[in-house]
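Each chain, letter by letter, is given below.
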Amino acid sequence: MNELVVQTAGLTKRYGTRLAVDRVDLTVRRGEVYGFLGPNGAGKTTTLRMLLGLIRPTSGAATVLGMPAGSPAVTERVGALVEGPGFMPYLSGRDNLAVLARYRRLPVSVVDGALERVELSGRGGDAFRSYSLGMKQRLGVAAALMGDPELIVLDEPTNGLDPAGMAAMRALVVDLARSGQTVLLSSHLLAEVQEICHRVGVIHDGRLLRESTVADLLGTPRVQVRAEPVEEALAVAMRLAGDDGVQVDGAELLVALPEERSAELVRALVGAGVDVHSVHPRDRSLEDVFFEMTAAGSGRQMSEEKVS
Amino acid sequence: MTTIVASARADLLRVRKWSATWVIGAAWLVLMVLFGYVFNYVAYRSGSGSFATEGVVGEALLRSVLPANVPQTITGGTPMFGGALMMVLGAMVASSGYGWGSWKTILTQGPSRVAVAVGSLLSLTAVVAVTVLASVVLALGISTSLALVEGVDVVLPSVADLGQGVGVAFLVLLMWALFGYLLGTVLRGPALAVGLGLVWSLVVENLLRGVGNLLSWVETLTTVLPGTAAGSLVGSLGASGGPEGAPGVLTTLSGTQALVTVLAFAVLLPLLAVLVIRRRDLA
């Protein structure tokens, strides 16, 4: 599990005066689903393009499957969908995959399996140009899956999919990880990443702000309590969660305790004569963490539209 | 080597199933039949000269549509419309994938960039070869039919003559296709590549040859241009040039010099295209 499938060291890409990717050191381990998280324009796709050898880094290095990124011996063991599906519009979905199967020196029989996996078998004979956005996206994923590559790079794979399609795509990614394939998934959909990724790397303005497991990133879960008087409630909560474990948020307290300890907290509060009006768990979402991190990383608050 | 073959097979599949390939090939065949057979034969039957056949006696008109003239017929249109059409094909084959994003997809499949590029160039070469073979078969079929209709002996061209005609047609069409491929690769879009390529092959070279009459250094320059070389190579086969003959057919260079120049282009153009593809960022 700890074998590194992707490793970059000081990976940098500069376009003129603009630094698109700035000294990124990321690691993806074998068998994990790695979420590459960041707002539009953060440098996700540029980084992925460097990992696939589509563009050359200005400086730094990237190793994929133990070899320099982009070398033919690597790319034939990697499946990728980067920045939208790129296919011949006049060819059918099946023929587009057949062309790619020839490039990969795979038997044409893999094509039907790949189409089936993304539920496109029924429309495989139709021209790519007649596909909906979601179908095009699924064909792109089908292409990435052909030949069971060791590493699958999916750049925003749920773009253009309807809710059912998004759920199916998430299930597919989880399934891939279960079968031992490593998935590097870039997304700006935080809930999606939180749901399916083992580890995440957060990139903003070209810099990798943090890389850790989702659990570490989210930290200790919290319980939100509305109780009066606040001062006494605070003292009781601090006894249970520690001095740094309680945060006052207006008339409410945020107590760093797991949900299963909320009954204990309520008992303690009531025992101390505090009136408890409401108690409910308030887990930090990846979105909360992300906003905190990117605001700190860039020194400015990001607007919500930028990540939605 | 296996990756080059795999890439060529893959590229051939997408080119073969592309209607543009068939439209361009068909356009070439239609034009060849029109200018090589229909106009001459109708003029011969009606006994009146046309703008293209004025001053040519009936016997010559008939000879031009008989099987023995097939080498000249299949090469006569290559310097002008044949080359232009293949230039369009080459430009489209090379450049459309940048807009569609399909080159990006293809270059992440495993074969090296050089293998993908060489494979694509080989598939383009195969399309040109098939086009030439189709021209020969069609020309032989039509000319033999006309000979039978006219009740004259069916005299086929000698194998050497036919081989020479096929070789010249192939080289000239291939050179223009490769010219288009390089333009398409450099410009990454079919519209600009096709537009500039056509202006070059149909207008600029002719203008330069005109200016060459006034300035000797321009004249020297025109001798190494692809249009001059292609026109002269076809001219060396005896296809008629000048105002009465097929446009673009020249006698500026000797056959050998023209052949060397065309071959040099056929090597240099794909080499440059491969170098560009190997070096560039696909962003």
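Treat the numbers as computed from the prediction; the structure is a model and nothing was measured. Counting of residues starts from 1 at the beginning of each chain's written sequence and follows it residue by residue. Chain letters start at A and ligand numbers start at 1, both assigned in the order the entries are written. For a predicted model such as this one, the threshold for reporting local features is a pLDDT of at least 70, and the threshold for listing and counting side-chain atom pairs is 80 or more; totals across whole chains, interfaces and linings nevertheless cover every residue. The basis for every side-chain value is the complete set of heavy atoms in the structure, and neither hydrogens nor water enter the calculation.

S.K.: Would you mind going over the overall build of chain A with me for this structure?
M.R.: Each helix and strand counted, chain A has eleven helices and 15 strands in total. With 308 residues in all, chain A has 49% of them scored as buried. Partitioning the contacts of chain A with sequence separation of at least 6, the portion at a separation of at least 24 is 67%. Note on areas: Shrake-Rupley with a 1.4 Å probe; residue coverage comes only from the protein chains shown. Within the structure as shown, chain A displays about 13100 Å² of accessible surface, and the carbon and sulfur contribution to it stands at 49%. When charges are counted, Lys and Arg contribute as positive and Asp and Glu as negative, whereas His and the chain ends are disregarded. Charged groups are reduced to one reference atom each: NZ for lysine, CZ for arginine, CG for aspartic acid, CD for glutamic acid. The averaged location of the 39 negative side-chain charges in chain A is 9 Å from the averaged location of its 33 positive side-chain charges. Helical segments are the DSSP runs of H or I of at least four residues, strand segments are the runs of E of at least two, and each set is numbered from the N terminus. Three labels apply to residues, based on accessible area from a 1.4 Å probe with only protein chains included: buried if under 20% of the type maximum, exposed if over 50%, partly exposed otherwise in between. Throughout, a contact is declared for two residues whenever any of their heavy atoms are within 4.5 Å.

S.K.: For this particular structure, what's the right way to read the overall build of chain B?
M.R.: Of the regular secondary structure elements, chain B holds twelve helices and zero strands. In chain B, the order of α-helices and β-strands from amino to carboxyl end is α-α-α-α-α-α-α-α-α-α-α-α. The C-alpha atoms of chain B give a radius of gyration of 20 Å, which matches the 19 Å a tight globule of 283 residues would have. The proportion of buried residues among the 283 residues of chain B is 53%. A fraction of 81% describes how many contacts in chain B between residues 6 or more apart in sequence connect residues 24 or more apart. Element-wise, carbon and sulfur atoms account for 71% of the exposed surface of chain B, whose accessible area totals about 12000 Å². Taken together, the 13 basic and 10 acidic charged side chains of chain B have centroids lying 24 Å from each other. Radius of gyration: C-alpha atoms only; globule rule: 2.2 Å multiplied by the number of residues to the exponent 0.38.

S.K.: Explanation requested: the sheet that holds strand β15 (residues 275-282) of chain A in the structure shown.
M.R.: Neighbouring strands of a sheet are bound in pairs by backbone hydrogen bonds; such pairs are parallel or else antiparallel. All names here are of chain A. Here, strands pair whenever DSSP counts at least two bridges between them. Strand order in this open sheet of four strands is β13-β14-β12-β15, and the pairing throughout is antiparallel. Bordering the open sheet on either side are β13 (246-249) and β15, each of which pairs with just one other strand. Neighbour to neighbour, the strand axes of the sheet diverge by 25° on average, direction disregarded. Only C-alpha atoms enter the line fits that serve as axes; for helices the fit covers just the stretch in contact. Angles between N-to-C directions range over 0 to 180 degrees. On the sheet, helix α9 (residues 230-241) packs against β12 (222-228), β13 and β14 (252-255) and is oriented at approximately 5° with respect to β14.

S.K.: Before we go on, may I ask you to explain the packing of aromatic side chains in this structure?
M.R.: Remark: the centre distance and the inter-plane angle together describe each pair of aromatic rings, the angle taken between the planes. Only centres within 6.5 Å qualify two rings of Phe, Tyr or Trp (six-membered ring in Trp) as a pair; their planes then separate them into stacked at under 30 degrees, edge-to-face at over 60, and tilted for everything else. A complete count under the given rule lists eleven aromatic pairs over all chains for this structure. Relative to B:Y44, the ring of B:Y41 lies with its centre 6.3 Å away and its plane at 35°, an arrangement referred to as tilted. You can see B:Y41 and its partner B:Y44 sitting in helix α2 (residues 19-46), three residues apart, about one turn around the helix. You can call B:Y44 partly exposed: its relative accessible area is 23%. Ring pairs connect the aromatic residues B:W28, B:F35, B:F39 and B:F81, which therefore count as one cluster. The residue whose ring lies beneath A:K136 is A:F128, and the NZ or CZ to ring-centre distance is 5.4 Å. Counting as a charge over the ring demands two things of the Lys NZ or Arg CZ atom: a distance within 6 Å of the ring centre and an angle within 35 degrees of the ring normal.

S.K.: Is there a simple way to explain the interface of chain A and chain B in this structure?
M.R.: Accessible area lost upon the coming together of the parts is a frequently used measure of interface size. Between chain A and chain B, the contact holds 30 residues from the first and 33 residues from the second. Buried area is calculated as the accessible area (1.4 Å probe) missing from two parts once they are joined, with the contributions of both summed. Counting the surface lost from both chain A and chain B, the interface buries some 2900 Å², and carbon and sulfur atoms represent 57% of this. Counting the surface chain A buries against chain B, the share from its top three residues, A:Y90, A:R102 and A:Y103, is 29%. Only one rule defines a salt bridge in this text: a Lys or Arg side-chain nitrogen within 4 Å of an Asp or Glu carboxyl oxygen. Where chain A meets chain B, there are two salt bridges. A salt bridge links A:D95 to B:K17; its shortest N-O distance comes to 3.1 Å.

S.K.: Would you mind showing me how to read the side chain of A:S186 here?
M.R.: Residue and element names in this part refer to chain A. In this fold, S186 is placed in strand β9 (residues 182-187). Here a polar contact means two N or O atoms within 3.5 Å. Within protein one must be a hydrogen donor candidate and the other an acceptor candidate, and residues neighboring in sequence count only if both atoms are side-chain atoms. Looking at S186, its side chain comes within polar contact range of the side chain of D155, at 2.4 Å. When sequence neighbours within four positions are dropped, the list of residues in contact with S186 reads F36, K44, L48, L154, D155, E156 and P157.

S.K.: Can you walk me through the sheet that holds strand β7 (residues 78-81) of chain A in this structure?
M.R.: All names here are of chain A. Spatially, the six strands line up as an open sheet ordered β7-β8-β9-β4-β10-β11, and their pairing is mixed. If you trace the sheet from one side to the other, it starts and ends with β7 and β11 (207-213), each paired once. On average, adjacent strands in this sheet sit at an angle of 15° to one another, irrespective of strand direction. Here strand β4 (residues 33-37) pairs with β9 via five bridges, running parallel. Within the sheet, the bridge partner assigned to V33 lies in β9 and is V183. Along the sheet, helix α5 (residues 133-145) makes contact with β7 and β8 (151-155), crossing β7 at roughly 170°.

The quantities given are spatial measurements derived from coordinates; they are silent on function.
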